[in-house]
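What follows is each chain in one-letter form.
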Amino acid sequence: MKIIQVNSYQDMSQRASQFIINKISNNNALKLGFATGGTPKGTYELLIEDYKQNQTSYQNITSFNLDEYIGLSKDHPNSYHQYMEQILFQHIDIPKANIHLPDGLATDIALECKNYEELIEVNGGIDLQILGIGENGHIGFNEPGTSFDTLTHVVKLAKSTREANARYFSNINEVPTHAITMGIQSILKSKEILLLVSGENKAEAVKRLLTDDVDSNFPASALKKHPRVTIIADKLALSNA
Ligand code: GLP
């Protein structure tokens, strides 16, 4: 794992957006894996800025998101469909047909998981997966204890994850209890991974990532098994490491 230390959230966003733009300029048909959460927001804002200034085209880009809440419709303000639409997709020229997220309202959720995994495969796999990390080490919504063999599947969200994400909802009871997430194996199948980490609340997770053994009780440790992982972390996130 290559670690790039930066001073601040803004610097992390700057380095991350440049990293992504460089990949797109080498391959304008890149298959990009997107993450949600607070961490990548600044990166996405800078991608939009670059799109406006430099006309970086997303016409041939295909996107896959890591996860979606079960029970929220695509136009629910807290769905990850809406997050991506509002924060990135509506501001760039990516064709709607190229955008993929799991459907949290699918009637047959098991089939939806299988189809999503297959869709990634038929598109040739993800070239660059952007990731954040939960305070408990979750990646996507793969909570501690998830087997490293998992493909896209349904998860019951940990209490701490629901509490952490409650800030986006009017109260914790509105945070869905389950989600569809790409599995750890699905994430490891990506050709390259970019992990973004910022802030003191992630310092313990970063310390564990850098020092602990590979262990399914700390899902992000699976990244140590991948040959091409870059971590861009700010000083606060690295303050325990
Ligand atoms: C969420 C998402 C993850 C995200 C993580 C951290 O629950 N499912 O993809 O990386 O938690 O979120 P944040 O960046 O807001 O700290």
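All figures in this text were calculated on a predicted structure; none of them were measured in a lab.

Participant: Let's hear about the sheet that holds strand 7 (residues 153-156): which residues, and what values?
Facilitator: Read from one edge to the other, the open sheet built from three strands follows the order 4-8-7, with strand pairing classed as antiparallel. Where the open sheet ends on each side, the last strands, each with one partner, are strand 4 (67-69) and strand 7. Each strand of the sheet is rotated relative to its neighbour by a mean of 25°, with strand direction disregarded.

Participant: Break down the pairing of strand 9 (residues 192-197) for me, citing the residues and quoting the values.
Facilitator: Among the six residues of strand 9, five are classified as buried, and the element is accordingly described as predominantly covered. In this structure, strand 6 (residues 128-131) lies alongside strand 9, joined through four bridges in parallel fashion. Note on strand 9: the bridge partner recorded for leucine 131 is leucine 195. As defined by bridge partners, strand 9 adjoins strand 10 (residues 229-234) across five bridges and the pair is classed as parallel. Bridged to valine 197 within strand 10 is alanine 233. Handedness of the crossover joining strand 9 and strand 10 through helix 7 (residues 203-211) is recorded here as right-handed.

Participant: Give me the UniProt feature "active site" (unreviewed entry) in the protein: which residues, what numbers.
Facilitator: Following the UniProt record, one finds the feature "active site" (unreviewed entry) at Asp67, Asn136, His138 and Glu143. Relative to the helices and strands, asparagine 136 resides in the loop between strand 6 and strand 7. Excluding anything up to four places from it in sequence, asparagine 136 contacts Pro144, Ala158 and Ser160. Within the secondary structure layout, histidine 138 lies in the loop between strand 6 and strand 7. When the 25 C-beta atoms within 10 Å are taken as the criterion, histidine 138 is described as buried.

Participant: Please give an account of the confidence of the model for the protein that cites residues and values.
Facilitator: Looking at the protein as a whole, the pLDDT averages 97, with 100% of positions reaching at least 70. Taken over the whole predicted complex, pTM reads 0.97, whereas the ipTM for its chain interfaces reads 0.96.

Participant: Could you give an account of the nonpolar core, naming the residues involved and the relevant values?
Facilitator: The biggest cluster of nonpolar side chains holds 55 residues, and the ones touching the most others in it are Leu131, Leu194, Leu195, Leu196 and Val197. Leucine 196 has contacts with Met12, Ala16, Thr39, Pro40, Thr43, Ile130, Gly132 and Ile232, leaving out every residue within four places of it along the chain.

Participant: Hey, could you go over the sheet that holds strand 5 (residues 99-100) for me, with residue numbers and the actual values?
Facilitator: One open sheet holds the seven strands; their spatial order is 1-10-9-6-2-3-5, and the pairing between them is parallel. Edge positions in the sheet fall to strand 1 (2-6) and strand 5, since each of these pairs with one other strand and no more. As defined by bridge partners, strand 2 (residues 31-34) adjoins strand 3 (residues 62-65) across four bridges and the pair is classed as parallel. Opposite glycine 33, over in strand 3, you have phenylalanine 64 as the bridge partner.

Participant: Describe the site of the ligand, with residues and values.
Facilitator: Around the ligand sit 14 residues in total, of which Ala35, Gly37, Gly38, Thr39 and Gly132 are the nearest. A breakdown of the residues in the shell around the ligand according to their chemical character gives four nonpolar, nine polar and one charged.

Participant: Quick rundown of the pairing of strand 8 (residues 178-181)? Include the residues and the values.
Facilitator: Pairing between strand 4 and strand 8: three bridges, direction antiparallel. Bridge pairing in strand 8 places glutamate 68 opposite isoleucine 180. Where strand 7 and strand 8 come together, four bridges link them in antiparallel fashion. Residue histidine 153 lies in a different strand from strand 8, and its bridge partner there is threonine 181.

Participant: Quick rundown of the packing of helix 1 (residues 9-26) against helix 2 (residues 41-54)? Include the residues and the values.
Facilitator: The contact between helix 1 and helix 2 brings their axes to 8 Å, and the two run at 55°. By the angle between their directions, the pair helix 1 and helix 2 is classed as oblique. You can see that helix 1 and helix 2 cross each other, and the crossing is right-handed. Side by side, helix 1 and helix 2 meet where Tyr9, Gln10, Ser13, Gln14, Ala16, Ser17, Ile20 and Ile21 of the first sit next to Gly42, Thr43, Leu46, Leu47 and Asp50 of the second. A breakdown of the residues in the contact of helix 1 with helix 2 according to their chemical character gives six nonpolar, six polar and one charged.

Participant: Run through the UniProt feature "domain: Glucosamine/galactosamine-6-phosphate isomerase" (unreviewed entry) in the protein, naming residues and quoting values.
Facilitator: Per the UniProt record, "domain: Glucosamine/galactosamine-6-phosphate isomerase" (unreviewed entry) is found at residues 10-226. Annotated as residues 10-226, this span is 34% helix and 14% strand, and its ends, taken at the C-alpha atoms, are 27 Å apart.

Participant: Describe the environment of asparagine 217, and please don't skip the residues or the numbers.
Facilitator: For asparagine 217, the location among the structural elements is in the loop between helix 7 and strand 10. Among residues more than four places away in sequence, those in contact with asparagine 217 are Pro144 and Gly145.

What counts and how
- Residues numbered from 1 in each chain as written.
- Predicted model: local features only at pLDDT ≥ 70, side-chain atom pairs only at ≥ 80, totals over all residues.
- Pairing = 2+ DSSP bridges.
- Helix = DSSP H or I, 4+ residues; strand = E, 2+ residues; numbered from the N terminus.
- Axes fitted to C-alpha atoms, helices over the stretch in contact; angles between N-to-C directions.
- Buried ≥ 20, exposed ≤ 12 C-beta atoms within 10 Å, placed from the backbone.
- Right-handed = clockwise from strand over helix to strand, strands pointing away.
- UniProt positions renumbered as here; feature names shortened; annotations may be inferred.
- Contact = placed C-beta atoms within 7 Å.
- pLDDT = per-residue confidence, 0-100.
- Core = buried A, V, L, I, M, F, W, Y, C linked by C-beta atoms within 7 Å.
- Near = placed C-beta within 6 Å.
- Nonpolar A, V, L, I, M, F, W, Y, C, P; charged D, E, K, R; others polar.
- Parallel < 35°, antiparallel > 145°, perpendicular 65-115°, else oblique.
- Left-handed = near helix turned anticlockwise from the far one by under 90°.

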